[in-house]
Amino acid sequence: MIELTPTQLRALRAAAHQIHPVVSIAANGLSATVLQEIDRSLAAHELIKVKLYGIERENRDALMTEICASLQCSPIQQIGNILVLWRQKPEDEAPKRPSGRRPKPLTKKEAAVAQEKASRRRNRS
């Protein structure tokens, strides 16, 4: 679990105010698939909300510590049935291509214009 300063916690709580819960945990409790979904959501968003349904007040703290311990994330806030979790994205992650599409090929006219612009740039230097 990552220790955060009070200033960081305040900023994360403020950022969490406008987001909606992305994962729900029902009375069945915390299963492996729910943990995987929380892990995926943390990897994609860093800061998430988890909604709890039918879980008693005494069990919520234990549930939050179990999630944070197993996923190496930080508890930010717990308000009623909502848990707010944060985990920083790894910086060594390679940037993903925005889409699998290739750019459309240039027409003859577009290719000629691009070639002319490139030759003008070379002539300037």
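These numbers come from a predicted model, not from an experiment.

S.K.: Could you clarify how one ought to interpret the sheet that holds strand β1 (residues 23-25) in this entry?
M.R.: Across a sheet, paired strands are connected by hydrogen bonds in the backbone, their directions being either parallel or antiparallel. Across the sheet, which stays open at both edges, the four strands sit in the order β1-β2-β4-β3 with mixed pairing between neighbours. The open sheet terminates on both sides in strands that have one partner only, identified here as β1 and β3 (74-79). Taking the axes of each pair of neighbouring strands and ignoring which way they run, one obtains an average angle of 25° across the sheet. Summarising the sheet, β3 and strand β4 (residues 82-86) pair through five bridges and their orientation is antiparallel. Residue Ile79 lies in a different strand from β4, and its bridge partner there is Ile82. Each of β2 (47-52), β3 and β4 is contacted by helix α1 (residues 6-16), which is oriented at about 55° to β3, the strand it contacts most.

S.K.: Please clarify how the packing of helix α2 (residues 32-45) against helix α3 (residues 57-71) should be interpreted in this entry.
M.R.: The packing of two helices is summarised by the inter-axis angle and the distance between the axes. Packing of α2 against α3 brings their axes to within 11 Å, and their N-to-C directions diverge by 65°. For the crossing formed where α2 meets α3, the hand is right-handed. Judged by residue contacts, Leu35, Ile38, Asp39 and Leu42 of α2 engage Ile67, Ser70 and Leu71 from α3.

S.K.: Explain the pattern of salt bridges here, please?
M.R.: Side chains carrying opposite charge are able to pair once their charged atoms draw close together. Throughout the structure, instances matching the rule amount to three salt bridges. Arg40 is the salt-bridge partner of Glu37, the closest N and O atoms lying 2.6 Å from each other. Taken together, the positions of Glu37 and Arg40, both in helix α2 and three residues apart, correspond to about one turn of that helix. Across the pair Arg87 and Asp39 runs a salt bridge, and its minimum N-O distance is 2.6 Å. Of this pair, Arg87 sits in the loop between β4 and α4 (108-124) while Asp39 sits in helix α2; the two residues are 48 residues apart in sequence, bridging distant segments of the chain. Arg87 sits in the buried class, given a relative accessible area of 16%.

Reading guide: rules and limits
- Residues numbered from 1 in each chain as written.
- Predicted model: local features only at pLDDT ≥ 70, side-chain atom pairs only at ≥ 80, totals over all residues.
- Heavy atoms only, no water.
- Pairing = 2+ DSSP bridges.
- Helix = DSSP H or I, 4+ residues; strand = E, 2+ residues; numbered from the N terminus.
- Axes fitted to C-alpha atoms, helices over the stretch in contact; angles between N-to-C directions.
- Contact = heavy atoms within 4.5 Å.
- Left-handed = near helix turned anticlockwise from the far one by under 90°.
- Salt bridge = Lys/Arg side-chain N within 4 Å of Asp/Glu carboxyl O.
- Buried < 20%, exposed > 50% of the residue type's maximum accessible area, 1.4 Å probe, protein only.

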